[in-house]
Every structure is written in C-alpha cells, then in structure tokens.
Amino acid sequence: MRDAGHFLIRSLLAEKLISEADVQRASESAASKNIDAVDALVGLGIISSRRIAIERAKICEYPFVDLTHFDVDFHNTRLMPRAVAEKLVVYPLFCFDGVSTVAMLDPLNLQAIDQVRQVLKGDIDPVICDAEQLRALIARAYSLSAASGASGSAGDEQTERTTGEEPIVAAVNQILAGAVDMGASDIHINPDEAELILRYRVDGVLQSLQGPQKSAHAGIVQRLKVLAQLDLTQTRRPQDGKFRFHPRSGAPVDIRLSIMPTVHGENVVMRLLRSARSIGAIRDLSMPEDMTQHYEALISRPNGMILVTGPTGSGKTTTLFAALSQLNSTTRNIITIEDPVEIRLPVVRQVQVNAEIGLTFAAALRSILRQDPDIVLVGEIRDNETAKIAAQAALTGHLVLSTLHTNDAIGTIARLRDFDVPAFAITNALLAAMAQRLVRRVCDACAESDVPDPHLMLEYGLSNAMAIGLRRGCGCVKCGQTGFRGRVGAYEMLRMTPGLQAVIEGAASRSELAIAAAKDGFRPMWRDGVDKACRGITSLSEVERLRTVIEARLESVDGAASTSTRAAA
Ligand SMILES: [Zn+2]
C-alpha cells in the first residue's frame, strides 16, 4: 500500500498536479491523523479524489470508470455482503460469463483482490473509480436493495446474516432509514402490475429508487400495519396510522402512514414528521435582515393577525412554528388548530381539526377563544366564517397566526375581501402578510462561479460587481447531478402602514396596492431571491424559474399588475 501510494505521489509531482510543499503538508497531516498520505492530499483539498483515481488508473493500467455515467445494477448487492463492500470499498458492477467487473479503489491491493475473488466465487476484472462516488454508490445500493432480500429467493441468507434481522423487517428499516438519511419528507411505495415502485420526496421533488421486489409487497405492508397498529386483516379499505421509527443514529422520527387499496394492491404513502427540535428560531429562516427584525417585533405584539401565504410545501408551517417556538413560554397561553398536527411543540395545546365530528377550523376557533388564549395559530383560513372569527379575535386582544392560499403577499388583501372581511377589520387587524417560496440551494460540493446571460443581468439590474458572487452547481454525486442540495426560502413581507391602510379603505385595485406598498419599502420575493443568488446561496436561473412561476400565476389572476411591481422595485 505504502509503495503504491508513494509511486502515485511521485507521478502526481511529475505531472505538476501537486507541489513538494503540498506533499510536506499532506505527510504532516497524515502522520497526525494516522491516515494514508494520498487520503491526506484529498482531505486537505489539494487534489480531488477523482483526479487521484484517474492517475491511479494510469499507473496500474486498469480502466477508470466514471460512475456518474454508469447505470448500476443494485441487485448485485446479493453477490456481496454489505460488510465486505464497505470494508474493502468494492462493488460488483456487472457479471458476465463468470467474470465480475468490480469497481475498486486500488487494484494493486492484492489482499483485497483475493477476498473479492473468494466472495464472488470466480474471476474478477477490476476497474478504478473515484472514492467518493464509489462510497456513495455502495451506501445507496445496500440501503435500497436489502429489501430485495425479502423476496425469499435463493442467495438471500447473506443479507439476513449480515443484518441479523428478519428480511422483511430489515427491508422496512432500510426504506425508512434511507428516507431519513436523504432528508426525504415523504415515502411512496406504489405497486403496479409488475413491480413495486419506491420513491422518496426530497427537496419537494419525487425521486424514484430501486425498490424491493413485488413479491415483498404484502410483507412490507403487513409490517407497516403492525408498526402503526392497524387492522391486519383489512386490505380493501383505506387506513391511516402513526408510528415512531428509531434510526440507528439520530433522533427518533414520527411517521404518519396512509394505506390505500388499488387494483394492484395496497398503496403506501408515509410522511416523515419533524420534531419541534428541527424548528429553529426566526433568525434561522434566512429572511432578509430587516424582515427578521419586523417579524420578531410583530409577534411580540399583544394582538393582531399575521398571515403567511404560499402554496403547499413552501415552508409556511416552518415560518409560523419558528415564531411559536420563540414565543413558547409558560406565561403565555398558546393554542393551535391544525389539519393535521404536523409538528409537536411542548407546552402548546394543539387541536386537530376533524370534519367528521363537525370540528372545523371555524368551530374549533370559536370554542378555543372561550379558553382565553393569548396566541392562536389557525392552520389555514379557507372559508368566510374562519376568516371573520380570526379577524375578530385579532381585534379583541389575541395574536392570531395563520396561512392563506394566495399567490403573493399583496393578494392577501383581495382574498380577505373575498371572505367578506370588511375593510376596517383588515386595516386594523392585519399586522403583516408574508409570502414565501422555496428555492433550491446551490450544491457546495460542485459549485462554480456563474456567468449568466447578459439579458438576464440586464433584466435583474445586476452590474458586473454585483454578479461577482453568483454561483451554479455543475452536478456531482452528492447532489445526484442536479447541482442543487437543500432549499432556502425567498420571502416578501407586506406590513400594514398608514399609506396602505388609506388605499385599502379606498377599495384600491391590485396595482394601487402594489404602488402604495412599494412606497413603504415592500420588496417582492424575487428580489430576495436575487439577493440570495448574489450571495451564491441559490442560482440566478433558480430565481428566474421562481419569478416565471409567480408571474404566470398572477397574470392569470389579474392582468399585467405584476410587471408594474417589477418596474417599481
Ligand atoms: Zn453537487
């Protein structure tokens, strides 16, 4: 090993890919951390693991395989126990005519070659891969396909032996653990005629994965029903339940399970609920600084209404709960009415809407107001009655937090009017309306400077100096080649000001409202998006996508008003 590493370093030096000083730094770091000098070069960011793999391939005269362009057969996990793959960092890519092509890091490691030969019981053809990519591939392959071991076919004993669990139990655990690892919000298990389709919703987008075999379907559904204490004999009626999953590391996750019978069997959808611990403070929402200050000041008011708007999955709940968890104290009586309760907060009383027994938002709100709360969170205002009671509560000494379905903050005014809330109640009760959308974060692992289209620069009024921080992701294993990883909010806040009050009382049109708002410092959310792009958090193309979506919706609602807001901002 040491010799091979030494040889590799000499050749990197000869090609001027690294300097003598780099080698010095790497060997010091290697000695202190007790790792290989080559690993230290990568760890210090002197050279990429990919470059190392390419150089090593040249020296060993084995082919380098770029796993990003490779369709990997996850079923090959059956050929090799997970422990072996992880320990030796090897994976059988494909097998043909008794010879297995095996992805590995160092084919000169003869001990590893011998072990792989024994496990695969035949000849092997090594190829060299990037260490990061190969490790990611191994983790993904085994987390997904352990479930195929549940089919009961031959050759599965290994999966069973390595995990020490019943195959079905292991399969379900792998599906759940995989979702937690990937930060998924939902898990879908959809049976169709021939196969079982497993999908995770990550950053709002459904991603298909290699699922377990169709034959494991009934077992998986049974296991989930056991976890959620549902009726095992019932397969023809929808069922809902909840259970707690304990991953091997990290906090337990509450999961809401919904099972729906279809022609191809029971369809499973699971939602991973976040714990109160995952809710940060208002400061952690990445709002613009002035908006953070306004929001913090507004929630400490004794009464009034704060509304957050945006489509489902735009992070409204997180924004409101950040305020609640900041307000959460034993001296204040906080009650929430939700449909369904998504995040549990200590001390806060949380009521779940139940239409079947007549407990609607309006009915719940009315009875809750009799219990003298200081702060009420209403999950959503979606009818006249709820809107009017909420406004009344805000006018009579309660702080009301809620969400609305509108395209933007200015649209809130029209929406409240539609619900027959009188103008004086809007101007006196409403403290602020916020709107938000989530934009994708540029993947830090593959980000590079972005030089956008000059038209786009002009469109957003960006000078070269402002554009200096723009970034885009070029796609890597960490972000699944998308160039994005995680999401961040883009926000706008319409505060009630005397200027705005005057136009609302005058029954102003949307564009009059927009002009009055802009005069008092209102900045549309795409502006916040552009600021975030200039700081390299998101990309300009992502902001363009956001603005196109919002404006398309606005134009379908009320003509060209949006273009005038853009000009005004
Ligand atoms: Zn990336």
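Residues numbered from 1 in each chain as written. Predicted model: local features only at pLDDT ≥ 70, side-chain atom pairs only at ≥ 80, totals over all residues. Heavy atoms only, no water.

(A) Broad picture of the state of the cysteines. Under the defined criterion, the tally for this structure stands at zero disulfides. Just so you know, Cys474 is unpaired, no disulfide at all, and the nearest cysteine sulfur is the one on Cys446, 5.0 Å from it. Residue classification places Cys474 among the partly exposed positions, given a relative accessible area of 45%. (Disulfide = S-S within 2.5 Å. Buried < 20%, exposed > 50% of the residue type's maximum accessible area, 1.4 Å probe, protein only.)

(B) Summary view of the packing of aromatic side chains. One pass over the full model with this rule turns up one aromatic pair. Here Tyr460 and Trp526 contribute two aromatic rings whose centre-to-centre distance is 5.7 Å and whose plane-to-plane angle is 55°, an arrangement assigned as tilted. Here Tyr460 is found in the loop between helix H17 (454-459) and strand E17 (471-473), whereas its partner Trp526 is found in helix H20 (residues 525-534), with 66 residues between them in sequence. In this structure, Arg547 packs its charged tip against the face of Trp526, placed 6.0 Å from the ring centre. (Phe/Tyr/Trp six-rings, centres within 6.5 Å; stacked < 30°, edge-to-face > 60°. Helix = DSSP H or I, 4+ residues; strand = E, 2+ residues; numbered from the N terminus. Lys NZ or Arg CZ within 6 Å of the ring centre and 35° of its normal.)

(C) Layout of the packing of helix H9 (residues 167-181) against helix H10 (residues 217-227). Taken N-terminus to C-terminus, the directions of H9 and H10 make an angle of 75°; their axes are 9 Å apart at the nearest point. By the angle class used here, H9 and H10 are roughly perpendicular. Contacts between H9 and H10 involve Ile168, Val169, Val172 and Ile175 from the former and Gly219, Ile220, Arg223, Leu224 and Leu227 from the latter. Among the residues forming the contact of H9 with H10, the class breakdown is seven nonpolar, one polar and one charged. (Axes fitted to C-alpha atoms, helices over the stretch in contact; angles between N-to-C directions. Parallel < 35°, antiparallel > 145°, perpendicular 65-115°, else oblique. Contact = heavy atoms within 4.5 Å. Nonpolar A, V, L, I, M, F, W, Y, C, P; charged D, E, K, R; others polar.)

(D) Examining the environment of Val84 more closely. Locating Val84 in the fold gives a position in helix H5 (residues 82-88). Sequence separation of Val84 and Pro63 is 21 residues, and the distance between their C-alpha atoms is 22 Å.

(E) Expanded view of the sheet that holds strand E3 (residues 123-128). Here three strands make up an open sheet; going across it, the order is E1-E2-E3 and the pairing mixed. On the outer flanks of this sheet lie strand E1 (91-96) and E3, each paired with one strand and no other. Across the sheet, the axes of successive neighbouring strands diverge by a mean angle of 25°, strand direction being ignored. Pairing analysis gives five bridges linking E1 to strand E2 (residues 99-104), with the strands arranged antiparallel. If you follow Phe96 over to E2, its bridge partner there is Val99. Against the sheet, helix H6 (residues 110-120) contacts E1, E2 and E3, and its axis sits at roughly 130° relative to E3. (Pairing = 2+ DSSP bridges.)

(F) Geometry of the nonpolar core. With 63 residues, the main nonpolar core has Ile337, Val421, Tyr460, Leu462, Leu494 and Leu500 as its most contacted residues. With six residues, helix H14 (residues 384-395) is the largest single contributor of residues to this core. (Core = buried A, V, L, I, M, F, W, Y, C linked by side-chain atoms within 4.5 Å.)

(G) Spatial organisation of the coordination of the zinc ion. Coordination of the zinc ion by the protein involves Cys443 (SG), Cys446 (SG), Cys476 (SG) and Cys479 (SG), with metal-donor separations of 2.3 Å. Coordination at the zinc ion is tetrahedral, judged from the four donor atoms that bind it and the angles of 106 to 111° they form at the metal. Every donor residue of the zinc ion comes from the same chain, spaced as C-x2-C-x29-C-x2-C. Residue Cys446 is located in the loop between strand E15 (430-442) and strand E16 (447-449), and its partner Cys476 is located in the loop between E17 and strand E18 (484-495); the two are separated by 30 residues in the primary sequence. Each member of the pair, Cys446 as well as Cys476, is classed as buried. (Donors = N, O, S within 2.8 Å, 3.2 Å for Na, K, Ca; no water. Tetrahedral: all angles 85-135°; square planar, octahedral: opposite > 155°, others 65-115°.)

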